[in-house]
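# Understanding the architecture of this molecule
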Amino acid sequence: MSSMIVENLVSGYGQMEVLHNLSLEIEEGQIASVLGPNGAGKTTLLRSIFGLLKPWEGRVIYQDEDITGYTPDKLVRMGICYVPQEENIFPQLTVKENLEMGAFIRTDDINPRMEEVFDLFPDLHSRTKSHAGELSGGMRQMLAIGRALMLNPSTLMLDEPSTGLAPFLVDNIFERVHNLNQTGVTILLVEQNAGKVLPFSDKAYILEGGEKKAEGVGKELLADEEIGKLYLGR
Ligand SMILES: Nc1ncnc2c1ncn2[C@@H]1O[C@H](COP(=O)(O)OP(=O)(O)O)[C@@H](O)[C@H]1O
Ligand SMILES: [Mg+2]
C-alpha cells in the first residue's frame, strides 16, 4: 500500500519554477530516497509536501487523502513529520527540553515515548541535561530526529541528515535511519550521498534540475553502470 504519492508536482519560488512535473510514490513501511546534487530541488520537494511552500500544480496524497496545501501543523497531527536540514533543534534548550518541545501537541504522558527515543539513540540518554548547542554534529542530528519521533510519526521526512558529519558518523546516522525504518516508520530520505543511501533504499529517485532522471530499487540503481556514470559520479 502507498503511504504517500506525489503526483505531477510543480513548485517554485516567485517566478522561478523549480520542480517540473515531479511524481513519486512511497510505500508504507519502506525507505524511499530522493538523491541529487545541490540545487536539484530536494528541499523544495520536502517543503512543498510539508505545506511550507504552496505547490503550483499537482497533488500530494497521503493514505488516500489529498493533503496538498495542508499546513505543517495539520500534517504533524496526521502523522507526517519533517526534519529540516538546518536549525532543527533549539540550541539554548537542553536535550530533554528539546524532546519535550517535539511532543508539543501531545497531552498524554510523553515519558514512555522518550524512553523509546533513548533506546534508539542511547547517546542522548546520558546527555539529557546538556544544552543542545553543546552537542557534536552527529548528536545534534540524532536529537533532531528524536524530536520528530516524539510525535510517533508514521512517516518521517529527513533532509540530508548526513550534512556536515565526519565520514564515520555518516555511516552511523544512516544505520540509525535504517533501524528506525525497521521499527515500522515510513521514511522519505533526501540525500546527496547516493553511494551510502542506495544500498538500503527500497525505492530511490534521482533528481536533477527539478526533474526525475531515474527511479528504481536502490540496489538496482547502484548496480546500473549508465546511472553510475551519469548521476553517481563513477
Ligand atoms: N527561498 C528560495 N527562494 C528562491 N529560490 C530558492 C529558494 N530556495 C531554493 N531556491 C532555488 O531553488 C532551486 C532548488 O533548491 P533546493 O530545493 O534547495 O535544492 P536542493 O535541496 O536539492 O539542494 C535552486 O536553484 C535554489 O537556488
Ligand atoms: Mg536541500
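Predicted, not measured: the structure shown is a model, and the values here were computed from it.

### A closer look at the sheet that holds strand β8 (residues 186–191)
Read across the open sheet, the 6 strands follow the order β6-β7-β8-β3-β9-β10; overall the sheet is mixed. Edge positions in the open sheet fall to β6 (80–83) and β10 (211–216), since each of these has one partner strand only. Direction aside, the axes of adjacent strands within the sheet are offset by 15 degrees on average. Note: strand β3 (residues 31–35) against β8, 5 bridges, orientation parallel. Bridging from a neighbouring strand, Leu-35 pairs with Glu-191 of β8. Taken strand by strand, helix α7 (residues 167–182) contacts β3, β7 (155–159) and β8, and its axis lies near 155 degrees from that of β8.

### Focus on the nonpolar core
Among the nonpolar cores identified, the biggest contains 74 residues, and Leu-45, Leu-156 and Met-157 are the most heavily contacted of them. Per element, the largest residue contribution to this core is 7 residues, and it comes from helix α6 (residues 137–149). Structurally, this core is a two-domain feature, drawing no fewer than three residues from each of domain 1 (1–77 + 155–161 + 188–234) and domain 2 (80–152). Residues within four places of Leu-45 in sequence aside, it is in contact with Val-6, Leu-9, Leu-19, Leu-22, Leu-24 and Val-34.

### Focus: the packing of helix α3 (residues 95–102) against α6
Taken N-terminus to C-terminus, the directions of α3 and α6 make an angle of 35 degrees; their axes are 7 Å apart at the nearest point. The handedness of the crossing between α3 and α6 is right-handed. Contacts from Val-95, Asn-98, Leu-99 and Gly-102 in α3 reach Leu-143, Gly-146 and Arg-147 in α6. Class assignment for the residues of the contact of α3 with α6 results in 3 nonpolar, 3 polar and 1 charged.

### Description of the domain arrangement of the protein chain
For the protein chain, the assigned domains read domain 1 (1–77 + 155–161 + 188–234) and domain 2 (80–152). Taken together, the contacts link 18 residues of domain 1 with 12 residues of domain 2. Broken down residue by residue, the surface that domain 1 buries against domain 2 is led by Val-76, Leu-156 and Asp-159, which jointly contribute 33%. Across the contact surface, domain 1 and domain 2 share 0 salt bridges. There are 5 residue pairs in polar contact (both at pLDDT 80 or more) connecting domain 1 and domain 2. Of all the secondary-structure elements, those providing two or more residues to the side of domain 1 that touches domain 2 are α1 (42–49), α2 (72–78) and β7. In terms of residues, the side of domain 1 that touches domain 2 owes the most to one element, β7, which gives 5 residues. For the side of domain 1 that touches domain 2, a count of residues per class yields 12 nonpolar, 2 polar and 4 charged.

### Here's the deal with the site of ligand 1
Neighbouring ligand 1 are the residues Tyr-13, Met-16, Val-18, Pro-37, Asn-38, Gly-39, Ala-40, Gly-41, Lys-42, Thr-43 and Thr-44. In the environment of ligand 1, an oxygen atom lies 2.8 Å from a nitrogen or oxygen atom belonging to the side chain of Thr-43. In isolation ligand 1 exposes 560 Å². Once the protein is present, 60% of that is buried. Of all elements in the fold, only β2 (16–27) and α1 reach the threshold of two or more residues within the shell around ligand 1. By residue number, the principal contributor to the shell around ligand 1 is α1, which donates 3 residues. A breakdown of the residues in the shell around ligand 1 according to their chemical character gives 5 nonpolar, 5 polar and 1 charged.

### Some points on the pattern of salt bridges
It is possible for side chains bearing opposite charge to pair when their charged atoms get close. Under the definition given, this model contains 12 salt bridges. Between Lys-203 and Glu-215 there is a salt bridge; the shortest N-O distance is 3.2 Å. In this pair, Lys-203 is assigned in strand β9 (residues 203–208) and Glu-215 in strand β10, connecting sequence segments 12 residues apart. Residues joined in a network through salt bridges with shared partners are Glu-7, Arg-59 and Asp-66.

About the criteria used
Residues numbered from 1 in each chain as written. Chains lettered and ligands numbered in written order. Predicted model: local features only at pLDDT ≥ 70, side-chain atom pairs only at ≥ 80, totals over all residues. Heavy atoms only, no water. Pairing = 2+ DSSP bridges. Helix = DSSP H or I, 4+ residues; strand = E, 2+ residues; numbered from the N terminus. Axes fitted to C-alpha atoms, helices over the stretch in contact; angles between N-to-C directions. Contact = heavy atoms within 4.5 Å. Core = buried A, V, L, I, M, F, W, Y, C linked by side-chain atoms within 4.5 Å. Buried < 20%, exposed > 50% of the residue type's maximum accessible area, 1.4 Å probe, protein only. Domains from an automatic or database assignment. Left-handed = near helix turned anticlockwise from the far one by under 90°. Nonpolar A, V, L, I, M, F, W, Y, C, P; charged D, E, K, R; others polar. Buried area = accessible area lost by both parts, 1.4 Å probe. Salt bridge = Lys/Arg side-chain N within 4 Å of Asp/Glu carboxyl O. Polar contact = N/O pair within 3.5 Å; in protein donor to acceptor, adjacent residues only side chain to side chain. Near = heavy atom within 4 Å. Areas by Shrake-Rupley, 256 points an atom, 1.4 Å probe, with all protein chains shown as cover.

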